[in-house]
Amino acid sequence: MTGRVLAVAAASGHEFSKPVQGRITLLAGLGVQGDAHCGVTVKHRSRVRANPNQPNLRQLHLIPAERLDLLRAQGFDVTPGETGENVTTEGIDLFALPRGTRLHLGATAVAEVTGLRNPCYQLDDFQKGLMKATLERAPDGALLLRAGIRAVVVDGGDLAPGDAVRVELPAEPHQALEKV
C-alpha cells in the first residue's frame, strides 16, 4: 500500500490549528521538531494533567485528505492543518491500519501507528457540529472515531508535500486501532 503526503503542519504553541509548512522534520522518539507536542512524555494538556509522566504515543497526528473531503462535502470548511494534524496523507485508508503499522514517510522517516485520535470538544469550538461529523457507526453499532490517527516517530527525517508514504503492516494477528 502506498500513498503520498499532501500537506505537513506544525505549531510551537498549543493552538488548535497548525499552520501548513513547506517541510517538517521528524525526530526519532520525539515527534515533529518545534511542535508543541514534541517530546518523550505526553504533551497534550489534558493528558499532562492526568499523568505528566506517561509516554507520548501522540507524537504525530495524521489524517487522510479523503476524510477532509468528506467533511467538506458535509458543509465544513476544513483544510490541512486546521484540525491540528501534522501530516495529511492521500491514497491510504489510515483508519483501516492495525496498531503497529509502520509508515515510511519520505526518504528516511518512519512512524509507528499507535491508535486513533479521540475527537474532542475543540472540534466543535473550531466549527459547530464538527466533532459529531468525525464519529461514525459500524454496521454492528460500534462507534468509529474518524478524527485522525496517532503515531510515534521511529526514524527521523524531513517530510514535505509530495513525499511518498509506504505502508508496512505488522506481523499478524493484527490489533485494531483504539483511542490513545
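Before reading on, note that the structure itself is shown above.
Residues numbered from 1 in each chain as written. Predicted model: local features only at pLDDT ≥ 70, side-chain atom pairs only at ≥ 80, totals over all residues. Heavy atoms only, no water.

Chemist: Sorry if this is basic, but what is going on with empty space enclosed by the protein here?
Modeler: Here the idea is plain: a probe the size of a water molecule rolls over the atoms and shows the empty space left. With the rule as written, the count across this model stands at one cavity of 30 Å³ or more. The calculated volume of the largest cavity comes to roughly 30 Å³. (1 Å grid on protein atoms, 1.4 Å probe; cavity = no way out; pocket = protein on both sides within 12 Å on 5 of 7 lines; lining within 4 Å. Points joined across faces, edges and corners; volume = space filled by probe spheres on them.)

Chemist: Got a minute to help me understand the side chain of Asn56 in this structure?
Modeler: Structurally, Asn56 is set in the loop between helix H1 (45-50) and strand S5 (60-64). Of note is the side chain of Asn56, whose polar atom sits 2.9 Å from the backbone oxygen of His37. In this structure, Asn56 is in contact with Leu30, His37, Cys38, Gly39, Val40, Thr41, Val42, Lys43 and Val152, ignoring residues within four places of it in sequence. (Helix = DSSP H or I, 4+ residues; strand = E, 2+ residues; numbered from the N terminus. Polar contact = N/O pair within 3.5 Å; in protein donor to acceptor, adjacent residues only side chain to side chain. Contact = heavy atoms within 4.5 Å.)

Chemist: Help me out: how do you make sense of the sheet that holds strand S3 (residues 24-27) in this one?
Modeler: The sheet built from three strands is open, its strands ordered S4-S3-S12 with antiparallel pairing. Looking at the sheet topology across the chains shown, the edges are occupied by strand S4 (31-32) and strand S12 (157-159). Here S3 pairs with S4 via two bridges, running antiparallel. Its bridge partner being in S4, Leu27 is matched across the sheet by Gly31. (Pairing = 2+ DSSP bridges.)

Chemist: Hey, could you run me through the layout of surface pockets in this one?
Modeler: In this structure, the largest pocket occupies an estimated 510 Å³ of space. What lines the largest pocket is a set of 23 residues, among which His44, Ser46, Arg58, Cys120 and Gln122 lie closest to the centre. Of the residues belonging to the lining of the largest pocket, the class tally is four nonpolar, 10 polar and nine charged. (Nonpolar A, V, L, I, M, F, W, Y, C, P; charged D, E, K, R; others polar.)

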